[in-house]
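An overview of the molecular structure
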Amino acid sequence: MSSSVIAFSLRNAPALIEQLFPVQKLSAESYKEQMAVHGKTLTALGSYWKGRKPLILNKACILGCLLPATDNAARDLEIFEMLMGMDHASFVGRWPRAIKPKEILGRLAIDDISDYFTVDPEGVLPCCSPIDWSNPTYRDVRVSWNTDLPLVERRRVEVQMLPKSPYRELVEQSHRPEEVGDSLYDHIWTSVNNHLGTAARTFPELIEQLGIMRFGHRPRLGDTFCGSGQIPFEAARLGCDVYASDLNPVACMLTWGGIHVVGSSECNRNLFNRAQRSAMEQVQAEIDKLGVESDGNGWRAKVFLYCAEVRCPQTGWMVPLIPSRVVSKSYRAVADLIPDPNNKCYVVQIRNDATPTEMETAEAGTVWRDGKYGEAFLVHQLEGVTFKTKISTLRGDYERTDGTVANRLRLWDKLDFIPSPDDIFQERLYCIQWMRPKSKGKGEEYEFRSVNDADLERERVVARHVAARLKTWQDRGLVPDMRIEVGGPPRYQGQDLIRARGWTYWHHAFNARQLLTGALLNESQDARLKFGLTQVLNCNSRLSRWNNSGGGGGIVKGVFDNQALNTLFNYGCRGSGYARDLAELEYKRFTIEEMVKTQVECQAANQVSSPQDMFVTDPPYGDAVKYEEILDFFIAWLRKNAPAEFSHWVWDSRRSLAIKGEDDEFRQKMVCAYKKMTECIPDNGIQVIMFTHQSGSIWADMANIVWAAGLQVTAAWYVVTEAENILRPGTNVKGTVLLVLRKRAGTHKTTRDELAWEIQEEVESQVNLLAGLNQDAKGLYRDENVFEDADIQMAGYAAALRALTHYGIIDGRDMTVEAMRPRVKGEETFVDSLIRFAVHTANRALVPLGIPKAHWDRLESAERFYLKLLDLEARGFKTLDNYQNFAKAFKVRDFRALMASQKANQARLKSAVEFGKTEMSDGAELHHSVLRAVLYGVMELVKNVDGIEVLSHLSLNIPDYFQSQYRRELAAELANYLANKLEILRPVEASAARILRDLARNQRIG
Ligand SMILES: C[S@@+](CC[C@H](N)C(=O)[O-])C[C@H]1O[C@@H](n2cnc3c(N)ncnc32)[C@H](O)[C@@H]1O
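Residues numbered from 1 in each chain as written. Predicted model: local features only at pLDDT ≥ 70, side-chain atom pairs only at ≥ 80, totals over all residues. Heavy atoms only, no water.

Turning our attention to the environment of glutamate 459. The residue glutamate 459 is located in helix H16 (residues 453-476) in this model. The exposure class of glutamate 459 is buried, given its relative accessible area of 18%. Residues contacting glutamate 459, with those up to four places away along its chain left out, are Phe304, Tyr306, Leu429 and Arg513. (Helix = DSSP H or I, 4+ residues; strand = E, 2+ residues; numbered from the N terminus. Buried < 20%, exposed > 50% of the residue type's maximum accessible area, 1.4 Å probe, protein only. Contact = heavy atoms within 4.5 Å.)

With that out of the way, let us pick up the site of the ligand. Neighbouring the ligand are 23 residues, the closest being Lys53, Ser228, Asp246, Ala605 and Asp618. Contact distances for the ligand include 2.8 Å between an oxygen atom and a backbone N or O atom of lysine 53. Note that a nitrogen atom of the ligand is positioned 3.3 Å from one of the backbone N or O atoms of leucine 247. Relative to its unbound accessible surface of 600 Å², the ligand loses 96% to contact with the protein. The residue inventory of the shell around the ligand, partitioned by class, reads twelve nonpolar, seven polar and four charged. (Near = heavy atom within 4 Å. Polar contact = N/O pair within 3.5 Å; in protein donor to acceptor, adjacent residues only side chain to side chain. Areas by Shrake-Rupley, 256 points an atom, 1.4 Å probe, with all protein chains shown as cover. Nonpolar A, V, L, I, M, F, W, Y, C, P; charged D, E, K, R; others polar.)

An order of S10-S11-S12 is seen for the three strands of this open sheet, with the pairing classed as antiparallel. With one partner strand each, in any of the chains shown, strand S10 (367-369) and strand S12 (385-390) form the two edges of the open sheet. The sheet shows a mean angle of 35° between the axes of neighbouring strands, direction not considered. Both S10 and strand S11 (residues 376-382) contribute to a ladder of three bridges, which runs antiparallel. Across the sheet, residue valine 367 finds its bridge partner in S11, namely leucine 378. (Pairing = 2+ DSSP bridges. Axes fitted to C-alpha atoms, helices over the stretch in contact; angles between N-to-C directions.)

Turning to the sheet that holds strand S4 (residues 241-246), a few remarks are in order. Across the sheet, seven strands lie side by side as S20-S4-S3-S21-S22-S24-S23; this open sheet has mixed pairing. Each of the sheet's edge strands pairs with one partner strand only, and the pair in question is strand S20 (598-602) and strand S23 (711-720). When strand polarity is set aside, the average angle formed by the axes of neighbouring strands in this sheet is 15°. Across five bridges, S4 lies against S20 in parallel orientation. Paired with alanine 244 across the two strands is valine 600, which belongs to S20. Against the sheet, helix H2 (residues 55-66) makes contact with strand S3 (220-223), strand S21 (614-617), strand S22 (686-692), S23 and strand S24 (735-743), and its axis sits at roughly 155° relative to S22, the strand it touches most.

Purely geometric numbers; function is a separate question.
Right under this line is the structure:
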């Protein structure tokens, strides 16, 4: 270990994430990871989990907390990017194809190629490049890198071969850093160690050394809302000791899986693969013994398609409920309904090779909906007459005296798994997709067939088999015996299962074949096999949709493809071979070092008590996903038969303890949790809270929680993490706010008046730092901003929060008490008013890029408003609340006079032409302002007024024009600003603004 690694030498050093964080690049990287969908590292353990936080973002947070911010911010940034695999040279490793020496010599000018390459045979090539490889004398020449060439040097040359694209495009074309592996970082360690005083060659070594320098030991990271384990996994992979907990046992299981399955050693992985294969073979053998999946002629069933069936009250006919009669788009298979008048029912005949017109007709099945979410109807035709009945009528919906709706469905009981003969909804197998190995070549061939008597007999065999064992299976915990508990408002998860089908226990969501496969898979006590089980359950249930246009003829989709646990009229059931694909998924492997200690607990966040150095958490915010309601689907299968590793967890969703909503109860529970976490960290400990930015009240909510928990904000960043919209800034972007927090030391007092100055100073210094880094980075990298205006704005807000939450007492009020004060509808709390005040102060201090601060300070309120909002418009922002907020912040009396549209999502400023001659008279807020005069000039130039005349109007419209050099310069500067911002929005006005700028700049005075 390096002699500079001295315990606690960084004890009080600010963390890098408190100073800077390359949010633009991280947004591009996070987007790339989210887009990988099934290629994501932990997804194979549970693709049903919603809202995974990108590993790359988690890595950035963890590193950002451990790395020190030095007085060389630009170098800090460079080193950080190297550690993230985001530096220029790392893209050589991330590039999808190795760059060959011959390509380099063909393109780059190198003075002495022997500095880098060994050429065989020697002396054939000229000593400098580029080399023309079409020369036949060079045909057999071989070129390789000099073996003693330092990797950094090699990378420096290779980098020049990469396209000079913007970062986002480069990321799009490259591998994710984690896909490349440790070798990606081979070139960085000398620079890293020189900058940090460490002696590391791997991440775990670096993390340990930074931990010692900051906390005196390998850093301990806690996540008390661990969910699928993305944060703890990344922390452990990096080399932190990890404490993870969640209220939900399914979350704990996924977190455990990340650490022990994906993080396993190679040797353990091989053992596991063998165990997995043998368990699957056993399941398959049991099913084969029953002979219920083969037709006896070499075909094995891949998918069974089932549908509900009801008696039409108008005709007395039994009608299958099939929303679309198209069985498979690629096989052009359709289900024809052939009337059988004797038995008053339909025979379902599967026909392949339907014509395009027949396929189109078959799109309409026997279920029709009044709009996407409207009332469903049973529809069928007999002898040319259409009969249409509401499904609610079939169920027998009626209103109770208390106004609630009930129906006449029989509620299923604990031993039911198929409908009783008298039930309103029956169930019917209507098609089977068969498969067999191709007679020639590799792969399988498939066909869709109608159901015959032999198939029905096999159905009965399965049903008898399950009926005879269900009770024992339930007693042993191999299949659920847990009641469905309906969720709370607004979505009432699980209610549809009861209301639409009469299902009351979780196993009712599975048919006989699915119960059989599930029970057999659940026999094993190997914890690592439970991931395969949950993946199979997700894609093999009565709630698993049949997608008739997926690959291989169609796909049986997952229950959690959406978050609604709704019943289906028809569904797909996987044969055991097809289900096995999910149970035997190959997991990625990233071995977690043996010395790393990990602990996974199933408990509420406010129960945490073990000491940690850092907490990085992603708490539930705003009810995005109701984990505590939807995961009962799996808990029901695991709770009675959990393997030893999971058996000490509480196998219940404990909904009352779950943090949800955004109301006072939410705040109270969050405060309890964060208070506890704060107690668990040392005085120099650090926390990062991630949350998806959803509503404007978020700042006040978070400030309350932070205050009441005894924390203080030290930075905030905004990273776009969601797939959609990343390329269209300003449109409904979904991203993540990262709030960096420290323990609040002492009880500092201040007043609101003093705060105003402090906030302003904090905001200005933060803005200057980031804007300065943009400038520094311009020289270093491509011509791109490290921070965009919106990032700087966010950092400005954070600076305001930082100033605010530093104080325990403001205007004589105890902020921990104020923060816990319940909200009264329609009333603004003291904290709300402080936040509003802080945000306004921050907004006022934020100068749009392109206007010097000195000039900005002298502008009128309305001018600032117009210029700032034009900047936002140029970046695609259109929502009215921005205009309202900035109008307040800049103290504009009536911003409406400046608006062309005030529609909620289509708000827009007036263009120069739309202003025409308005807003120039005495009462107008832009009266006599330089901006108004410039806009007037632009309008005139658009209307082809002669340049000399335009200039003379400009000098008349700007008071003291000839006396004030400042005003003349400002006019040219504002015209230049308009030209830049209007380039895309209004190119004609942009070009007029450019002309005006040049006229003003070249005007002879005196
Ligand atoms: C947004 S998710 C975390 C997602 C996670 N970071 C990931 O990437 O998968 C929030 C988690 O908080 C858990 N949760 C809700 N209330 C809780 C409480 N009172 N204590 C502990 N965990 C809770 C939920 O079960 C859920 O897993």
